[in-house]
Amino acid sequence: MIPLSWYLILAAALFGIGLFGVLVRRNAVAILLGVELMLNAVNINLVAFWRYGDLATMAGQVFATIVFAVAAAEVSVGLALVISVYRRRNTVVADELDLLKW
Amino acid sequence: MTGEQIIFLVVALFTLGSALMVVTTRNLIHAALWLVSTLFGVAVIYTLLNAGFMAVVQVVVYIGAIAILFIFAVMLTRKDLRDNTPQTNKNWWAGALIAVLTFAGLVFTLQGWSGFSKTAPAVPSGFDAISQLGEQLTSPNAYVLPFEVASVLLLAALVGAVYVAFNKK
Amino acid sequence: MNFWNDPLKVAATWLEGIFTGWGMDAVLAHVLVVFLGVFLLITLLMVLDIFLVWIERKVVARFQDRIGPNRLGPFGLIQPFADIIKLIIKEDTTPEGADKVVYNLAPILSMMSVLILWAVVPLAPVMLGIDLNVGVLFLIAAGAIGTLSIIMAGWSSNNKFAMIGGFRQVAVMVAFEVPMLAMLMIPTIFASSMNMNAIIEAQNIWYFLISPLGALIFLIAAIAELGRAPFDLAEGESELVAGFNIEYSGMKFGMFYAGELLHAFTFGGFWAILFFGGYRFFGLEQVSPFLAILILVIKAMLGYWVIMWVKYTMMRIRIDQMLGFNWKFLTPLSFALVLVTALMNTLLRGADSWLYVTGMFLSNVVVGWIALEIARSVARKERERVEGPKNVVEAHH
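Remember, it's a predicted structure, so these values are computed and weren't measured experimentally.

1. A closer look at the overall build of chain C
Okay, step 1: Along its length, chain C carries 14 helices and 0 strands.
Okay, step 2: Ordered by position from N to C terminus, the α and β elements of chain C give α-α-α-α-α-α-α-α-α-α-α-α-α-α.
Okay, step 3: On C-alpha atoms alone, chain C measures out to a radius of gyration of 24 Å, which is about the 21 Å that the 2.2 N^0.38 rule sets for 397 residues.
Okay, step 4: With the C-alpha coordinates of chain C rotated into their principal frame, the extents come out at 95 × 65 × 40 Å.
Okay, step 5: Here chain C, with 397 residues, has 41% of them falling under the buried criterion.
Okay, step 6: Put simply, 75% of the contacts in chain C that link residues at least 6 apart link residues at least 24 apart.

Right under this line is the structure:
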């Protein structure tokens, strides 16, 4: 049998890797990739707590479903912004996007 | 080591390995494809957790829509087809340190919790997670309000994304 | 439980008995038997795929008033084997600058996304791969993998035409998943379950009769998902050479081509399962599972024939027309249809059978008629805007 700790450690590791991606990458799209990893780690946590708690309360799965919807919304708006910024400034390297307006 | 534990270890290693490749590979399209394999690994984890609906929705929403959106965005925001610039900024050691500290902090905090190593309760027979989830998402005593607000959020994101990315000629 | 009633279980227990008799672990024997079952299903499907090539070429020939291949073997039956031999012995080129791993992975993923669908197809009441309680959503999930394989193929070929073809095909596939998902909700509403077997068991009246518009929209969305005409802009020879599979030669192209035909047959099968009763035919399927498989294959062939009929009769649509058709007409129509179906299902739930069928049928007809009227008035306004208003013809005195 798999103890709950394994799932929690997996989720924490995935979260750490996603955090590393967000902090370290130069490309704006790659930063959003890291955010996706973090959201997936959170979802694993939620579903694991549902499974190892009371199966009749579906709060864990409902929360995970809402996180799916929020992640999809955030990715679409984020990537639309990145594409729009690329059209203006011709770059998506986060270090070079340092002026609010010129 | 039961079979289930072996399967879990294999899938977990696959997922974490793919996630590491996502954040370290230089070629962005490869990073998006490694993200696809990470998301697939997470879907298998959901299946191990008896959440079959979550697994299928993960494949449909994340791999079928979000990953494809990432691939499109990577293709539309590049000046040339080859990535030969370094992909990490100059403070990568600080980022790595913070990530490791976060992981260690999370595991340390959870270890003090009494339920950290509990085993899974058995699934009651005749338990249909989908009909339960459907009832909870649409029943006024349960979570219909967050469900409806999430759909309004998706509508707002849809309109916003189309407006922001629209190429006004 | 003898062989003729339940062949899979009898064969599985017999094989497991042999394996454990040789001293193998019970769990390992079970896993091995499952693998053998999967292998058998895939082999049968690939053999069927070969004959689908023959059927496709004969049917297109008849639509075009010619005979088709008739030299190799009786009625040209050996022709697909010759095609396969040709594809295998062709040179396997890789374009310069292509991303080798992604380039080679794309046809494999494309074929995998089709074969994986057969895990949830109920071939008979007791013969199905997995009795998944989200079988209907599994259809969309496998389509997602297929979409991914096309964009991988388009990008990794290092070729502008391939990339444009791949983009267009993926845009069409992602767009038409929305009405398909909505139409998959209609059998779910009627059967109160997403399980494929449960949907078939609940079809005492075929769902085609109580939701004809749903069946039609599902067919249109399925043809768009398959990338076949009239939605095959990505592979039109006169537009884009061959779209995302320009740079593929030999058996890799064969994987894409055969995968597309098998995908069309699979969707014919799903159309039959969801709207035409699947393996049911007035109680004949209870006689023997093999008869049920035969009924399902015949219905899938009829669905496949309808898809081929549409392909060889209609002309290709432009990409902006395709996407406009989806987002401005098909998606609102499919959502309206789901609403009306759910409403009518709740209102008429306890009614007599004939009242239920007539009520649902009429509601479908009304929704379709209103949609066509709206489309017609929009088209008329568009035409007037472009051409100028029509003059009313005076009565000739």
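2. Digging into the overall build of chain B
Okay, step 1: When you go through chain B residue by residue, the secondary structure sums to 6 helices and 0 strands.
Okay, step 2: The order of α-helices and β-strands along chain B, N terminus first, is α-α-α-α-α-α.
Okay, step 3: Projected onto its principal axes, the C-alpha positions of chain B cover 55 × 45 × 30 Å.

3. Focus: the nonpolar core
Okay, step 1: Ranked by internal contacts, the top residues of the largest apolar core, which has 177 residues, are Val29(A), Ala32(B), Ala67(B), Phe70(B) and Phe218(C).
Okay, step 2: The element that contributes the greatest number of residues to this core is helix H3 (residues 52-76) of chain B, accounting for 17 residues.

4. Some remarks on the interface of chain A and chain B
Interface size, as often reported, equals the accessible area lost upon joining of the parts.
Okay, step 1: Taken together, the contact between chain A and chain B spans 58 residues of the former and 70 residues of the latter.
Okay, step 2: Counting only elements with at least two residues in the side of chain A that touches chain B, the list comes to helix H1 (4-24), helix H2 (28-52) and helix H3 (59-89) of chain A.
Okay, step 3: If one sorts the elements of the side of chain A that touches chain B by residue count, H3(A) sits on top with 19 residues.
Okay, step 4: For the side of chain A that touches chain B, a count of residues per class yields 44 nonpolar, 9 polar and 5 charged.

5. Description of the domain arrangement of chain B
Okay, step 1: Structurally, chain B comprises domain 1 (1-82) and domain 2 (128-169).
Okay, step 2: A C-alpha centroid distance of 23 Å is found between domain 1 of chain B and domain 2 of chain B.

6. A closer look at the domain arrangement of chain C
Residues and elements named next belong to chain C.
Okay, step 1: Each domain of chain C was delimited in the assignment, giving domain 1 (1-87) and domain 2 (90-377).
Okay, step 2: For domain 1 and domain 2, the distance between their C-alpha centres works out to 22 Å.
Okay, step 3: Counting from both sides, the interface comprises 17 residues of domain 1 and, opposite them, 18 residues of domain 2.
Okay, step 4: Looking at the side of domain 1 that touches domain 2, the elements with two or more residues in it are helix H1 (7-21), helix H2 (26-63) and helix H3 (79-89).
Okay, step 5: No other element matches the 10 residues that H2 contributes to the side of domain 1 that touches domain 2.
Okay, step 6: Looking at the side of domain 1 that touches domain 2 residue by residue, the class counts come to 13 nonpolar, no polar and 4 charged.

7. So, unusual backbone geometry
Okay, step 1: A positive phi angle, close to 60°, is found at Asn90(A), a residue other than glycine.
Okay, step 2: For Asn90(A), the position within the fold is in the segment after H3.
Okay, step 3: By the C-beta count within 10 Å, which is 10 here, Asn90(A) ends up exposed.
Okay, step 4: Of note, the phi angle at Phe75(C) is positive, near 60°, even though the residue is not glycine.
Okay, step 5: In this fold, Phe75(C) is placed in the loop between H2 and H3.

8. Digging into H1(A)
Okay, step 1: With 21 residues, H1(A) ought to run about 30 Å at 1.5 Å a step, and its terminal C-alpha atoms sit 30 Å apart, in line with that.
Okay, step 2: Taken across its 21 residues, H1(A) has 17 buried, putting it largely inside the fold.

9. Quick look at the packing of H2(A) against helix H2 (residues 28-48) of chain B
Okay, step 1: Orientation of H2(A) relative to H2(B), taken along the N-to-C sense of each, is 5°, at an axis distance of 11 Å. As far as their axial angle goes, H2(B) and H2(A) are roughly parallel. Within the contact between the two elements, H2(A) uses Val29(A), Ala30(A), Leu33(A), Glu36(A), Leu37(A), Asn40(A), Ile44(A) and Val47(A) and H2(B) uses Leu28(B), Ala31(B), Leu35(B), Thr38(B), Leu39(B), Val42(B), Ile45(B) and Tyr46(B).
Okay, step 2: Looking at the contact of H2(A) with H2(B) residue by residue, the classes come out as 13 nonpolar, 2 polar and 1 charged.

10. Focus: the packing of H3(A) against helix H6 (residues 144-165) of chain B
Okay, step 1: With their axes 9 Å apart at the nearest point, H3(A) and H6(B) run at an angle of 10° to one another. Between H3(A) and H6(B), the angle is such that the two are roughly parallel. Where H3(A) abuts H6(B), its residues Ile66(A), Ala69(A), Val70(A), Ala72(A), Ala73(A), Ser76(A), Val77(A), Ala80(A), Leu81(A), Ile83(A) and Ser84(A) lie against Pro146(B), Ala150(B), Leu153(B), Leu154(B), Ala157(B), Gly160(B), Ala161(B), Val164(B) and Ala165(B).
Okay, step 2: Of the residues assigned to the contact of H3(A) with H6(B), the class counts are 17 nonpolar, 3 polar and no charged.

Calculation notes
Residues numbered from 1 in each chain as written. Chains lettered and ligands numbered in written order. Predicted model: local features only at pLDDT ≥ 70, side-chain atom pairs only at ≥ 80, totals over all residues. Helix = DSSP H or I, 4+ residues; strand = E, 2+ residues; numbered from the N terminus. Rg over C-alpha atoms; globule rule 2.2 N^0.38 Å. Buried ≥ 20, exposed ≤ 12 C-beta atoms within 10 Å, placed from the backbone. Contact = placed C-beta atoms within 7 Å. Core = buried A, V, L, I, M, F, W, Y, C linked by C-beta atoms within 7 Å. Nonpolar A, V, L, I, M, F, W, Y, C, P; charged D, E, K, R; others polar. Domains from an automatic or database assignment. Expected span 1.5 Å × (residues − 1). Axes fitted to C-alpha atoms, helices over the stretch in contact; angles between N-to-C directions. Parallel < 35°, antiparallel > 145°, perpendicular 65-115°, else oblique.

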